[in-house]
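Fold and geometry: a report
Spelled out, the chains give:
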Amino acid sequence: MDKITVDNVVISGADKVDSQLRVEGLLVIEGDDCYIVSGRDARQNRIDLYGDDIIDALLDEVPCYIGGDFLYEDEAIVEGVLKNNGSGNGYILSNIKMIVLYRGDEEFIINY
């Protein structure tokens, strides 16, 4: 399965709705919100992530950041099914199967 960037999903996502994708970008966990964006300064094109226990599984495998605004803000690849977000102007990834999180020289693979 090929990787696709967040920006490419935003541009051509309509053709990929209901497809299993691996989306590459910056994984952000902010409170209970879990999403992926193309970069720290590009949060307007976010793709929300929906799946069972995403945050709990990450906490079990990868230390979170303490004292900042985000539990996680790391480069990652997220595999899931692309869906319309329901409001007609964006996308979500549901049925998350895997997250590969990169921090420094380390790679963490979390399977769901």
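The notes below deal with the structure included here. (Residues numbered from 1 in each chain as written. Predicted model: local features only at pLDDT ≥ 70, side-chain atom pairs only at ≥ 80, totals over all residues. Heavy atoms only, no water.)

**Overview of the overall build of the protein chain**
Along the backbone of the protein chain there are 2 helices and 7 strands. Taken from the N to the C terminus, the helices and strands of the protein chain come in the order β-α-β-β-β-α-β-β-β. The C-alpha radius of gyration of the protein chain comes to 13 Å, within 12% of the 13 Å expected for a compact globule of 112 residues. Reported as C-alpha extents along the three principal axes, the dimensions of the protein chain are approximately 35 × 25 × 25 Å. When the 112 residues of the protein chain are sorted by exposure, 43% land in the buried category. (Helix = DSSP H or I, 4+ residues; strand = E, 2+ residues; numbered from the N terminus. Rg over C-alpha atoms; globule rule 2.2 N^0.38 Å. Buried < 20%, exposed > 50% of the residue type's maximum accessible area, 1.4 Å probe, protein only.)

**So, the side chain of Glu-79**
Along the polypeptide, Glu-79 turns up in strand β5 (residues 72-84). In contact with Glu-79, other than residues within four places in its own chain, are Met-1, Gln-20, Leu-21, Arg-22, Asn-95, Ile-96, Lys-97 and Met-98. (Contact = heavy atoms within 4.5 Å.)

**Digging into unusual backbone geometry**
The backbone of Asp-18 sits at a positive phi, close to 75 degrees, despite the residue not being glycine. Along the chain, Asp-18 falls in the loop between α1 (6-12) and β2 (20-30). Notably, Asp-53 is not glycine yet its phi reads approximately 60 degrees, a positive angle. You can see Asp-53 is positioned in the loop between β4 (47-49) and α2 (54-61). A residue is classified by how much of its surface remains accessible, and Asp-53, at 52% relative accessible area, is exposed.

**Observations regarding the nonpolar core**
Membership of the largest hydrophobic core comes to 27 residues, with the highest contact counts inside it found for Val-23, Leu-27, Leu-49, Leu-58 and Ile-99. Looking at this core, the elements that each hand over two or more residues are α1, β2, β3 (33-37), β4, α2, β5, β6 (91-103) and β7 (106-111). Residue contributions to this core peak at 5 residues, all from β6. Excluding residues that lie within four positions of it along the chain, Ile-99 makes contacts with Leu-27, Ile-54, Leu-58, Ala-76, Ile-77, Val-78, Phe-108, Ile-109, Ile-110 and Tyr-112. Counting residues in each nonpolar core, the second largest holds 5 residues, with Leu-26, Val-28, Val-37 and Phe-70 among its members. (Core = buried A, V, L, I, M, F, W, Y, C linked by side-chain atoms within 4.5 Å.)

**Focus: the pairing of β3**
Within a regular strand, the side chains alternate between the two sheet faces. The buried fraction of β3 amounts to 4 of the 5 residues, a majority that puts the element mostly inside the structure. Bridge analysis of β2 against β3 gives 5 bridges, and the strand direction is antiparallel. Its bridge partner being in β3, Glu-30 is matched across the sheet by Asp-33. Connecting β2 to the next strand, β3, in antiparallel fashion are 2 residues, including Gly-31 with a positive phi near 65 degrees. (Pairing = 2+ DSSP bridges.)

**Quick word on the environment of Glu-61**
Tracing the backbone shows Glu-61 in helix α2. Judged by its relative accessible area of 47%, Glu-61 falls in the partly exposed class. Taking the C-alpha atoms as reference points, Glu-61 and Leu-26, separated by 35 residues in sequence, lie 18 Å from one another. Apart from residues no more than four positions distant in its own chain, Glu-61 is found in contact with Phe-108 and Ile-110.

So, to be careful, I would describe these as geometric facts and stop short of saying anything about function.
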